[in-house]
Amino acid sequence: MKILVVDDFSTMRRIIKNLLRDLGFTNVSEADDGSTALPMLQNGDFDFVVTDWNMPGMQGIDLLREIRKDDKLKHMPVMMVTAEAKKEQIVAAAQAGVNGYIVKPFTAATLKGKLDKIFERLE
Amino acid sequence: MSEETNPQISLEDAKALVEALEAGDNASANMILREVTSKEHGELFGEVGKLTRQLHDSLSNFQLDPKIANLASDDIPDAKERLNYVMKVTEDAANKTMDAIDTGLPLTDKINSDIVKLKPEWDKLMQRQIELGEFKSLCYSINEFMESAETDSAKIHAIMTEILLAQDFQDLTGQVIKRVIELVKEVEESLIHLLTVFGEPNQNTANEAKKPVDNNGAEGPIIDAETREDAVSNQDEVDDLLSSLGF
């Protein structure tokens, strides 16, 4: 399972990467915003995306929309891990086709729970 | 102004003007014109005079505080530096902590796996089913384990202390942020002073300016989620909202 973690804060990328490693996911790459993530996804063989919302350059919600528009990527599961907690944003993300939505600050148990749910649905 | 509804020259004045011009009496014509326009000018001059007095009074009422100049030239750039510092310090603290954990976890894993290795022989000893040769090798293994556990636990203690010390960012950044908040308060007070002296804020435009520019835009961490209707305050509320929508 190859995972791309997209967040503009390197510490948050590191936290998510460490948590994923504890859950057994060791093949994790990083990108610092949507515009660097998108070409990585298009040219790579990623299976899963974890993205922040609020980033300079391309924001997470726009990255999600681009992924859903792309024929090659549109079925890729995308999880948002973000401090954005406005209801209309959560609804907008759901409408754009997000597979999971986690608000920061979050716990390792929350991350595991959401991941399990996403992979359950995919099987 | 009522320029469009009320003529700037009365009918009588206009007739007198035409008569004077027809008679070739330029002196009278000029006088009539001057009389008509001087009324308008008088009002304008009066208005300008009033405004000038108001401006003068405002300026003398508003004692230009040197603090305001300092705010713009020193304090605001200083606040930016401080906030950059907060970002740097918190990033360092997070990395320091995670570095410590990266070195600490293998040590605890090693202690655990050593115990798992010793366990079968030890169980035999407890059940008095151990042979002399096994007992001897168990003694050596336990001796080795005690030595490595002693140094490893001391290392773990040092790592814990490192993690503890890394939390000093809370104190450092807290102080810095407090000062920035004070500065923001000062700027706010100066702006309010400026507004009360120089103008009556238009209620409508003030309200319009308050509206968020982009409703779908990102806002960052919500610091007052409990009191806000439009935001969720925890993961459970996110899940409830999504499941209520059928996701």
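Under an unreviewed UniProt entry, the name given to chain B is Protein phosphatase CheZ, and the organism recorded is Psychrosphaera haliotis. Looking at chain B in UniProt, the text filed under Function (unreviewed entry) is "Plays an important role in bacterial chemotaxis signal transduction pathway by accelerating the dephosphorylation of phosphorylated CheY (CheY-P)." UniProt, in the comment section headed Subcellular location (unreviewed entry), describes chain B in these words: "Cytoplasm".

Caption draft 1: Examining the interface of chain A and chain B more closely. Taken together, the contact pairs 28 residues of chain A with 28 residues of chain B. Roughly 2300 Å² is buried in total at the junction of chain A and chain B, and carbon and sulfur atoms are behind 57% of that figure. It is Arg14, Lys86 and Lys87 of chain A that lose the most area in chain A upon contact with chain B, and together they represent 26% of the buried surface on that side. One can count 4 salt bridges joining chain A with chain B. With a shortest N-O distance of 2.9 Å, Lys114 of chain A and Asp239 of chain B are connected by a salt bridge. Joining chain A to chain B, the criterion identifies 10 residue pairs in polar contact (both at pLDDT 80 or more). Among the elements of the structure, α1 (10–22), α4 (87–95), β5 (100–103) and α5 (108–122) of chain A are those that each provide at least two residues to the side of chain A that touches chain B. Here the element with the most residues in the side of chain A that touches chain B is α4 of chain A; it accounts for 8 residues. Taken together, the residues that form the side of chain A that touches chain B break down as 12 nonpolar, 8 polar and 8 charged.

Caption draft 2: Representation of the UniProt feature "site: Enhances dephosphorylation of CheY-P" (unreviewed entry) in chain B within the structure. Mapped onto this structure's residue numbering, the UniProt feature "site: Enhances dephosphorylation of CheY-P" (unreviewed entry) falls at Gln175 of chain B. Within the secondary structure, Gln175 of chain B sits in helix α5 (residues 169–198).

Caption draft 3: How the structure looks around the side chain of Arg13 of chain A. Among the structural elements, Arg13 of chain A can be located in helix α1. Not counting residues up to four positions away in its chain, the partners in contact with Arg13 of chain A are Val5, Asp7, Asp8, Glu30, Ala31 and Asp32 of chain A.

Caption draft 4: Representation of the pairing of strand β1 (residues 2–6) of chain A within the structure. All names here are of chain A. Burial analysis of β1 places 4 of its 5 residues in the buried class, the great majority of the element. This β-α-β element, β1 to α1 to strand β2 (residues 27–31), shows right-handed connectivity. Relative to strand β3 (residues 48–51), β1 is paired through 4 bridges, and the arrangement is parallel. The partner of Leu4 across the bridge, within β3, is Val49.

Caption draft 5: Inspection of the pattern of salt bridges at higher detail. Residues and elements named next belong to chain A. Tallying each qualifying case throughout the model produces 20 salt bridges over all chains. The salt bridge partner of Lys104 is Asp52, with a shortest N-O separation of 3.5 Å. You can see Lys104 sitting in the loop between β5 and α5 and its partner Asp52 sitting in the loop between β3 and α3 (60–69), a full 52 residues away along the chain. The exposure class of Lys104 is partly exposed, given its relative accessible area of 21%.

Caption draft 6: Region of the structure containing the packing of aromatic side chains. Residue and element names in this part refer to chain A. In the structure shown here, the tally under the stated rule is 2 aromatic pairs over all chains. Here Phe25 and Phe119 contribute two aromatic rings whose centre-to-centre distance is 5.9 Å and whose plane-to-plane angle is 45°, an arrangement assigned as tilted. Within this pair, whereas Phe25 is found in the loop between α1 and β2, its partner Phe119 is found in helix α5, the two being separated by 94 residues in sequence. Both residues of the pair, Phe25 and Phe119, count as buried. When the ring of Phe48 is compared with that of Phe119, the centres are 5.3 Å apart and the planes differ by 55°; the resulting orientation is tilted. Remark: Phe119 occurs in helix α5 and Phe48 occurs in strand β3; sequence separation between them is 71 residues. For Phe119, a relative accessible area of 15% translates into the label buried. Of the aromatic side chains, those joined through ring pairs into one cluster are Phe25, Phe48 and Phe119. Here the guanidinium or amino end of Lys2 rests over the ring plane of Phe46, the centre of that ring lying 4.6 Å away.

So, how was this worked out
Residues numbered from 1 in each chain as written. Chains lettered and ligands numbered in written order. Predicted model: local features only at pLDDT ≥ 70, side-chain atom pairs only at ≥ 80, totals over all residues. Heavy atoms only, no water. UniProt positions renumbered as here; feature names shortened; annotations may be inferred. Contact = heavy atoms within 4.5 Å. Buried area = accessible area lost by both parts, 1.4 Å probe. Salt bridge = Lys/Arg side-chain N within 4 Å of Asp/Glu carboxyl O. Polar contact = N/O pair within 3.5 Å; in protein donor to acceptor, adjacent residues only side chain to side chain. Helix = DSSP H or I, 4+ residues; strand = E, 2+ residues; numbered from the N terminus. Nonpolar A, V, L, I, M, F, W, Y, C, P; charged D, E, K, R; others polar. Buried < 20%, exposed > 50% of the residue type's maximum accessible area, 1.4 Å probe, protein only. Right-handed = clockwise from strand over helix to strand, strands pointing away. Pairing = 2+ DSSP bridges. Phe/Tyr/Trp six-rings, centres within 6.5 Å; stacked < 30°, edge-to-face > 60°. Lys NZ or Arg CZ within 6 Å of the ring centre and 35° of its normal.

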